[in-house]
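Survey of secondary and tertiary structure
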Amino acid sequence: MKNKRFPILADKHDCTGCMACVGACHADALTMRMGDDGHAYPSLNREKCVNCLRCEQVCQGTRLFAGQNDLRQSQPYAVWANDAALRGRSTSGGFAASASGWFIGNWGGVIGVVYDGRKASHEYIDKASDLFRLQGSKYVWSNAAEAYRAITEHLPINPVLFVGTGCQVAGVLSSFAKHPNRDRLYTIDLICGGVPSNLLMQSFLENHPEVESITSFRTKRKYELKGIVAGKEVTLPQNALPLAGFKTEQTNRYVCYNCPFAKAHRQSDVTIGDLWGDCSPASQREQGVSLVIVHSEKGRQLLQKSDVTYQRLEWEKILQANKRLVYGRTPKSWLRDRLADNYKRMDGATFARIYSLSSSLKQPSGFAARVWIYIQRKLNTIQFRSAVKEVLRE
């Protein structure tokens, strides 16, 4: 058909990589392809497209699930798992694992992120013995294709709990907003620091062939990259690109620099993150404590039914220590716009130095970016504090 209109999807500046569009396509006309900046974007096969425009509808619908900074609609808690072993395997207090364990044992299945040492993907888990695969922080983009297939398959039969970033939850909620069993869908989103480019991991592994895989991005107490070298797990240097590059935030998806989902009251049932600062009980900090924000009645059910201890918190105290909870703006330098070109033209060592912001005066271009970002972060902190005051006044 010559006059067939093709779907209009988010461009690279607005695409979150949630894959709602791909999950909505029943004609197999959409796939995710890695762009030259190391981020995945939807690619349309026009020969297969049947012009239903469902992908366009769910893509545009994700922004309806952005939430707002109305503190009266949600309640924060300090939470830690009562199961010491489960808590010990968790990055913070173990709420997500505890809630997932209860969910599997009593209601249905859980969809969370599994990391194989080089890439991450969402998988459906319905056995408590597999929960360990979902635990731990993974500072990489996750392919969520399986999430949409699993929800479609299992939601008519039993409840499903989905765990992901705010934009991924928005994609899921948009996709299943009109599903007859929508009330069975439970969601937990994370306080997210942004999605880094796959080029960080790709460059690191290309230039460090001795590293067979990455096993961990952090412990409870500090950010620390670990990997397998010669068959043994070792701690990698602090400036190793997959972690150092994530912390600089200069390879993130474009939408992450002004995240529309960084709000106090979200459309998920629960938001989770680390409880930073002195908000957590002093006696529990060493073992790790989760920040859990309940947004809905279903969220309250998850908190109350899980095998956890929880204490109510006041908003004013936690907002100061959790920037990305209510403020989604992050400084973006010219390094982001030049990411693809820099990867192609720079050797591995130079690329790592530039994007870990470790350049010295001997590397003027990289050092200039380092200074510029330092100044912008200081200004950003001032803006963040002003935003928090405004949120607290509302």
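Residues numbered from 1 in each chain as written. Predicted model: local features only at pLDDT ≥ 70, side-chain atom pairs only at ≥ 80, totals over all residues. Heavy atoms only, no water.

Pairing in this open sheet of nine strands is mixed, and the strands run E6-E5-E4-E7-E8-E12-E13-E3-E14 from one edge to the other. If you trace the sheet from one side to the other, it starts and ends with strand E6 (142-143) and strand E14 (308-312), each paired once. Sheet topology places strand E3 (residues 75-81) next to strand E13 (residues 290-294); five bridges connect them, and they run antiparallel. Among the inter-strand pairings, Gln75 is bridged to a residue of E13, identified as Val294. Packed onto the sheet, helix H5 (residues 145-154) meets strand E4 (109-115), strand E5 (120-125), E6, strand E7 (160-165) and strand E8 (185-190) and runs at close to 15° relative to E5. Helix H6 (residues 166-175) rests against E5, E6, E7 and E8 of the sheet, and its axis sits at about 140° to E7. (Pairing = 2+ DSSP bridges. Helix = DSSP H or I, 4+ residues; strand = E, 2+ residues; numbered from the N terminus. Contact = heavy atoms within 4.5 Å. Axes fitted to C-alpha atoms, helices over the stretch in contact; angles between N-to-C directions.)

Take the pairing of E7 next. Along E7, six of the six residues are buried, which leaves the element largely enclosed by surrounding structure. Note that E7 and E8 share six bridges and pair parallel. Paired with Val163 across the bridge in E8 is Ile188. Viewed along the sheet, the connection from E7 through H6 into E8 turns out right-handed. (Buried < 20%, exposed > 50% of the residue type's maximum accessible area, 1.4 Å probe, protein only. Right-handed = clockwise from strand over helix to strand, strands pointing away.)

On to the side chain of Gln75, then. With respect to the element layout, Gln75 can be found in strand E3. When its relative accessible area of 14% is taken as the criterion, Gln75 is described as buried. A distance of 2.9 Å separates the side chain of Gln75 from the side chain of Arg312, its partner in a polar contact. At a separation of 2.9 Å, a polar atom in the side chain of Gln75 contacts the main-chain carbonyl oxygen of Leu313. (Polar contact = N/O pair within 3.5 Å; in protein donor to acceptor, adjacent residues only side chain to side chain.)

It is worth spelling out the sheet that holds strand E10 (residues 223-229) at this point. Remark on secondary structure: sheet strands pair via backbone hydrogen bonds, oriented parallel or antiparallel. With antiparallel pairing, the three strands of this open sheet are ordered in space as E9-E10-E11. Each of the sheet's edge strands pairs with one partner strand only, and the pair in question is strand E9 (211-218) and strand E11 (232-235). Averaged over all pairs of adjacent strands, the angle between their axes in this sheet comes to 25°, without regard to strand direction. Bridging between E10 and E11 involves four bridges; their strand directions are antiparallel. Residue Lys226 lies in a different strand from E11, and its bridge partner there is Thr235. Contacting E9 and E10, helix H8 (residues 241-248) crosses the sheet at an angle of about 155° to E10.

For the rest of this paragraph, the subject is the pattern of salt bridges. Scanning the entire structure with this criterion turns up 15 salt bridges. Across the salt bridge formed by Arg266 and Asp189, the nearest N and O atoms sit 2.6 Å from each other. Of this pair, Arg266 sits in the loop between H8 and strand E12 (270-274) while Asp189 sits in strand E8; the two residues are 77 residues apart in sequence, bridging distant segments of the chain. Side by side, Arg266 and Asp189 carry an identical accessibility label, which is buried. Here Lys332 and Asp337 are joined by a salt bridge, their closest N and O atoms 3.3 Å apart. Each member of the salt-bridge network shares a partner with another, and the members are Lys222, Glu224 and Lys226. (Salt bridge = Lys/Arg side-chain N within 4 Å of Asp/Glu carboxyl O.)

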